[in-house]
Amino acid sequence: MTDEVDSVMGGVKMGVNVDIKRSDGRIHSAVVSGINVESKSVTVEWFEKGETKGKEIELEQILGLNQELAPSNYDTANVLPSKKYVPRPSLSVVNNKAVPGVGLPKRNPGRHTNVVTTNGLIKEQSVKNLKGSKPPQNNPTSFDSMPPPKQVPSLLPETANKPTRVAAVQGNNRRRSNVVKEVEKLQENRDKRRAQQAQTVEGHGHLKNKDTGNPNWEFLQMILEYKDELECTPLQDGDPMANNRITVCIRKRPMSQKEFKKKEVDVVTVPTKDNITIHEPKSKVDLTKYLENQQFRFDCAFDENASNELVYKYTARSLVQSIFEGGMATCFAYGQTGSGKTHTMGGEFHGKTQDCNNGIYAFATRDVYKLLKSSKYKNENLVVSCSYFEIYSGKVFDLLSGKTKLRVLEDGKQQVVVVGLTETEVESVEDVLKLITNGNNLRTSGQTSANAHSSRSHAVFQIVLRQNTRKKPLYGKFSLIDLAGNERGADTNSADRQTRIEGAEINKSLLALKECIRALGRKGAHLPFRASKLTQVLRDSFVGDKVRTCMIAMISPSLSSCEHTLNTLRYADRVKELGVKDPAKGGNNEGVMMDCDDDDGDILEDDDVGRALSHEDSGLAQLRSLNDGECSADWYTFQESVAQLQILEEEMVESHNDLLVSMEEWIQQDASLLAITNEVDYDQDAYAQQLDDMITEKQVALEALRIKAKSFRACLSEEEAQSRRRRN
């Protein structure tokens, strides 16, 4: 078999250095990396510009350029050299002893190469012999112009040439150069790299097949790997409860069936009872995907397995006890629409049916009646009543009396009063749940960019304790607030004016609420309750040393809600953050809320609030100063425009209402004046004078209303122009 290969390939073997010709006519050296006897072709490799390159060349072309490697029976007459190739001449040798290696054709001495080859010694010797030889005297033609011979004659017998050629090839194989070793090393590294890539692709394919059709399977795998390294210890029933003046808790709802069908990814992890991690998906410039794990810490963190009863026990249960001690308590449900606020406050859903018996409303009412019948408070002679209203675009509507519009005023003692608010006495938990159901049917809702049925208003349900006397003075009050979806605050750039105003009002009220809660944790801090209608109505829940507040921030676990989830957590973290004790003043910085229950010197009282706010200082300006880094100049300008719009609207509506009352009086006056004309001898001059006075009075009232209507329309146009500039 070896003799057969040699008869075809000659001296062309693996690792042998040969000359090759490129497609552009260049000729340089290369190393044989493979041979194919059947197709009579050779694979060669070479270095060029720091890279290893290779190609497959026909054996005939190799032998044409490397005739010293041709087999003994090879006929060079059939070889057609390239026109650009200058062939090597054969030398006429008189004495065989003077020229070693005689009988082997010599290479062109004019060609130069920078590549180190395996048979470089032989080639160098050939070039030296060629330079030391003189052309035959009978052939004056130079080597460069000599035409290629049709056949290369051998000066020695075939038996003499063959051992020499075999010895040269064997010497070449023994002396493998560094180039060949480097090529083999590169080949080995390339094979390893390809094997690793194939293994990675196979692993990704296996992971992808686990969740076929999920476009976010890479993020899902990264999250699962992150969770595998955690030791989760979620909040359990029986863990110690915090008794802070301000409590901020987070609740993660479970994934819905709709989200499972969409193949959503859960990006929220609750590793401990007070920590929560958000796996925010990110992509680098080169489109490499990675996770940015953001950590938050709160008083309590409830995972998706927590029940409503467990949430109530660690959040609002202690607040019920405080109202029987003469305190004011508030519990806020905050978060994106669809994050579980109604589920937590109103009760669990079974399909489309809501079980109102296991929501915070029901649990709180049940504990109220339990304490009311206890021996400790049985003799206090207390009665329970409820009120339910909503705040929409700065207006208050009574949900227990057909959504009647209410007015919020301050009396001479700077006490906020909701004029005309319905307060119904209740005897049982069932009565309370019936009031809530009736009120929910009247609550304002609409479509947003995040949800098709978003809560567009803040719903305030109040459980009021009063002493059962003739005047029924207030004893304690528990306010349960279901806030509007926080995604509404991002709709201030909408093209619809009503949506813009709704978003601006929600945005402002949430900022004001945050500042009011923060003020509870700071001594001597001013309470900016006039900044929004919500905080104005709840003013008595932020003033005094017997106030307690709890915020439950609801978050959605899906990847599509990641942005809203982060906004909710940052808001809740901001509320809690400024209640942390200052480390520079001897406190710690471990995220523990300041407990102000034992402090009785510097909490804001009623008179402090009245003195803190001058007539020249508006609530909006103060809100901006408290949120200097969050509220831009454009935001402030837009809020001012909306606030002015609301003021003009109230003045216009109030004037119109006064005009209607005056018109009823005018009708009576007109009827009396007309009755005078039925008399035979009535005073005509007096009648005309009274009629003229009445017409003038009507004109003045109508003109005043007309001026207010024009001012309101001008303000609407200005708001529209500002909104257009903000969008552009």
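Residues numbered from 1 in each chain as written. Predicted model: local features only at pLDDT ≥ 70, side-chain atom pairs only at ≥ 80, totals over all residues. Heavy atoms only, no water.

**Observations concerning the overall build of the chain**
In terms of regular secondary structure, the chain is built from 19 helices and 22 strands. Considering the chain as a whole, with its 728 residues, one finds that 43% of them fall into the buried category. Pairs at least 24 apart in sequence give 67% of the contacts found in the chain among residues at least 6 apart. For the chain, the exposed surface amounts to about 39200 Å²; the carbon and sulfur share of it is 49%. (Helix = DSSP H or I, 4+ residues; strand = E, 2+ residues; numbered from the N terminus. Buried < 20%, exposed > 50% of the residue type's maximum accessible area, 1.4 Å probe, protein only. Contact = heavy atoms within 4.5 Å. Areas by Shrake-Rupley, 256 points an atom, 1.4 Å probe, with all protein chains shown as cover.)

**Digging into the sheet that holds strand 7 (residues 275-283)**
Pairing is antiparallel in the open sheet, where 3 strands are placed in the order 6-7-8. Only two strands of the sheet have a single partner each, and these edge strands are strand 6 (268-269) and strand 8 (289-297). Taken together, the 2 bridges between strand 6 and strand 7 define a ladder with antiparallel strand orientation. Bridge assignment links V268 to a residue of strand 7, and that residue is I278. Relative to the sheet, helix 6 (residues 217-228) contacts strand 6, strand 7 and strand 8, its axis offset from that of strand 8 by approximately 45 degrees. (Pairing = 2+ DSSP bridges. Axes fitted to C-alpha atoms, helices over the stretch in contact; angles between N-to-C directions.)

**Some points on the packing of helix 8 (residues 308-315) against helix 11 (residues 360-372)**
In a pair of packed helices, the angle between the axes and the distance between the axes together describe the arrangement. Running from N to C, helix 8 and helix 11 cross one another at 55 degrees; their axes reach a closest spacing of 10 Å. It follows that helix 8 is oblique to helix 11 by the angle criterion. In terms of crossing hand, the pair formed by helix 8 and helix 11 is right-handed. When helix 8 is examined against helix 11, the residues N308, E309, Y312 and T315 are found in contact with a partner set consisting of I360, F363, A364 and D367. (Parallel < 35°, antiparallel > 145°, perpendicular 65-115°, else oblique. Left-handed = near helix turned anticlockwise from the far one by under 90°.)

**Description of a nonpolar patch on the surface**
Together, L409, V417 and V419 make up an exposed nonpolar region whose accessible area comes to about 210 Å². Within the secondary structure, V419 is located in strand 16 (residues 416-419). In this structure V419 comes out as partly exposed when scored by relative accessible area, which is 41%. (Patch = residues over 30% accessible without salt bridge, like charges linked within 9 Å, V, L, I, M, F, W, Y side chains within 5 Å. Salt bridge = Lys/Arg side-chain N within 4 Å of Asp/Glu carboxyl O.)

**So, the nonpolar core**
Nonpolar side chains in soluble globular proteins tend to be buried together. By size, the foremost hydrophobic cluster in this structure holds 53 residues, and its most contacted members are I276 and F542. With 7 residues, the top contributor of residues to this core is helix 13 (residues 497-520). Leaving out residues up to four positions away in the same chain, I276 has contacts with I250, V268, T269, V270, P271, Q294, Q295, F296, F298, I555 and L569. L310, F363, L372 and M554 belong to the second-largest nonpolar core, a separate cluster that totals 49 residues. (Core = buried A, V, L, I, M, F, W, Y, C linked by side-chain atoms within 4.5 Å.)

**Quick word on unusual backbone geometry**
You will see that K263, though not glycine, has its phi angle at about 60 degrees, which is positive. Mapped onto the elements, K263 comes out in the loop between helix 7 (257-261) and strand 6. The exposure class assigned to K263 is partly exposed, which follows from its relative accessible area of 31%. The backbone of K472 sits at a positive phi, close to 50 degrees, despite the residue not being glycine.

**Topic: helix 19 (residues 684-727)**
Taking 1.5 Å per residue, 44 residues should reach 64 Å; helix 19 reaches 64 Å between its end C-alpha atoms and fits that length. Those residues of helix 19 not exposed but buried are Y687, M694, L705, F712, C715, L716, E719, E720, A721, Q722 and S723. Next to the buried residues of helix 19 lie helix 13 and helix 18 (633-676). Among the residues of helix 19, the N-terminal cap falls to D683, whose side-chain oxygen and the backbone nitrogen of D685 are separated by 3.2 Å. (Expected span 1.5 Å × (residues − 1). Polar contact = N/O pair within 3.5 Å; in protein donor to acceptor, adjacent residues only side chain to side chain.)

**Considering the packing of aromatic side chains**
On inspection of all chains with the given rule, the structure shows 7 aromatic pairs. The interplanar angle of 55 degrees and the centroid separation of 5.5 Å between the aromatic rings of Y361 and F461 together place this pair among those described as tilted. Separated by 100 residues along the polypeptide, Y361 in helix 11 and F461 in strand 20 (residues 458-467) bring together distant segments of the chain. Side by side, Y361 and F461 carry an identical accessibility label, which is buried. Here the aromatic cluster, defined as three or more aromatic residues joined through ring pairs, consists of Y361, Y388 and F461. Directly above the ring of Y290 sits K284, whose terminal nitrogen or CZ lies 5.8 Å from the centroid. (Phe/Tyr/Trp six-rings, centres within 6.5 Å; stacked < 30°, edge-to-face > 60°. Lys NZ or Arg CZ within 6 Å of the ring centre and 35° of its normal.)

**A short note on the pairing of strand 10 (residues 328-335)**
With 8 of 8 residues buried, strand 10 lies mostly within the body of the structure. Alternating positions in strand 10 separate into two faces, M328, T330, F332 and Y334 on one and A329, C331, A333 and G335 on the other, with burial throughout. When strand 10 meets strand 22 (residues 547-555), the two strands line up parallel, connected through 8 bridges. Note that in strand 22 the partner of A333 across the bridge is I552.

**Notes on the packing of helix 11 against helix 12 (residues 429-442)**
Contact geometry of helix 11 with helix 12 gives a least axis separation of 9 Å together with a crossing angle of 145 degrees. In this structure, helix 11 meets helix 12 at a crossing whose hand is right-handed. From helix 11, Y361, A362, T365, R366 and Y369 reach across to helix 12, where they touch V429, V432, L433 and I436. Among the residues making up the contact of helix 11 with helix 12, the classes are represented as 7 nonpolar, 1 polar and 1 charged. (Nonpolar A, V, L, I, M, F, W, Y, C, P; charged D, E, K, R; others polar.)

**Comments concerning the state of the cysteines**
Evaluated as defined, the whole model comprises 0 disulfides. With no disulfide partner, C249 has as its closest neighbouring cysteine sulfur the one in C300, 4.2 Å distant. Among the cysteines around C550, which has no disulfide bond, C331 carries the closest sulfur, lying 4.6 Å off. On the basis of relative accessibility, which here comes to 1%, the residue C550 falls in the buried class. (Disulfide = S-S within 2.5 Å.)

**A word on the sheet that holds strand 1 (residues 17-21)**
Strand-to-strand pairing in sheets goes through backbone hydrogen bonds, with the strands running parallel or antiparallel. With antiparallel pairing, the 4 strands of this open sheet are ordered in space as 1-2-3-4. The open sheet terminates on both sides in strands that have one partner only, identified here as strand 1 and strand 4 (51-58). Each adjacent strand pair in this sheet contributes to an overall mean axis angle of 45 degrees, direction not counted. In terms of strand pairing, strand 1 meets strand 2 (residues 27-36) through 5 bridges, oriented antiparallel. When the bridges of strand 2 are listed, N17 appears paired with V31.

**A few points about a negative patch on the surface**
A contiguous patch of negative charge on the surface is contributed by E664, E665, D692, D693 and E697. Of all the secondary structure elements, the ones that give two or more residues to the negative patch are helix 18 and helix 19. With 3 residues, helix 19 is the largest single contributor of residues to the negative patch. With respect to the helices and strands, the residue E697 is situated in helix 19. According to the relative accessible area criterion, E697 is partly exposed, its value standing at 42%. (Lys, Arg positive; Asp, Glu negative; His and termini not counted. Charge placed at Lys NZ, Arg CZ, Asp CG, Glu CD.)

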